[in-house]
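# Results of the structural survey
Each chain, written out:
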Amino acid sequence: MLNDPLRFWAVITQALGFTLIILLETWLGRGQAGPWQLAILAAMLVAALVIAVLRRYQNRRHLKEQERRRQLLQEDEEDN
């Protein structure tokens, strides 16, 4: 998990969000915690979306690099 920073941040943000939601429920009570819990849930969803977009970008970049290397190897084999 520590080798993959995006996975690390995904776990940390979700764990922190759920912890905050539970703590708000405990400290403020059900009637007053609702709007704050909703804001935290929205922040958790935004964080998850940003991490998903970054993961997709990272995967596409990796695939392009693999394709570029494959083409270079193929060209090198054709030259020999």
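A brief report on the enclosed structure follows. (Residues numbered from 1 in each chain as written. Predicted model: local features only at pLDDT ≥ 70, side-chain atom pairs only at ≥ 80, totals over all residues. Heavy atoms only, no water.)

## Considering a negative patch on the surface
- A grouping of Glu-75, Asp-76, Glu-77, Glu-78 and Asp-79 is seen on the molecular surface, where their side chains present a negatively charged patch.
- The topology assignment puts Asp-79 in helix 2 (residues 30-79). (Patch = residues over 30% accessible without salt bridge, like charges linked within 9 Å, V, L, I, M, F, W, Y side chains within 5 Å. Areas by Shrake-Rupley, 256 points an atom, 1.4 Å probe, with all protein chains shown as cover. Salt bridge = Lys/Arg side-chain N within 4 Å of Asp/Glu carboxyl O. Lys, Arg positive; Asp, Glu negative; His and termini not counted. Charge placed at Lys NZ, Arg CZ, Asp CG, Glu CD. Helix = DSSP H or I, 4+ residues; strand = E, 2+ residues; numbered from the N terminus.)

## Side note on the packing of aromatic side chains
- Applying the stated criterion to the full structure yields one aromatic pair.
- Geometrically, the ring pair formed by Phe-8 and Trp-9 is edge-to-face, given 5.4 Å between the ring centres and 75 degrees between the ring planes.
- Assessed through its relative accessible area of 26%, Phe-8 is described here as partly exposed. (Phe/Tyr/Trp six-rings, centres within 6.5 Å; stacked < 30°, edge-to-face > 60°. Buried < 20%, exposed > 50% of the residue type's maximum accessible area, 1.4 Å probe, protein only.)

## Focus on the pattern of salt bridges
- On inspection of all chains with the given rule, the structure shows four salt bridges.
- Of the charged contacts, one joins Asp-4 and Arg-55 as a salt bridge, the two residues approaching to 2.8 Å between their closest N and O atoms. Here Arg-55 lies in helix 2 and Asp-4 lies in the segment before helix 1 (5-28), a separation of 51 residues in the sequence.
- Note that Glu-65 and Arg-68 form a salt bridge whose closest N and O atoms lie 2.6 Å from each other. Taken together, the residues span about one helical turn, with Glu-65 and Arg-68 both in helix 2 at a distance of three residues.
- Here Glu-65 falls in the partly exposed class, since its relative accessible area comes to 28%.
- Its relative accessible area of 42% is what places Arg-68 among the partly exposed residues.
- One connected set of salt bridges, linked through shared partners, spans Glu-65, Arg-68 and Arg-69.

The analysis is restricted to geometry; functional conclusions fall outside its scope.
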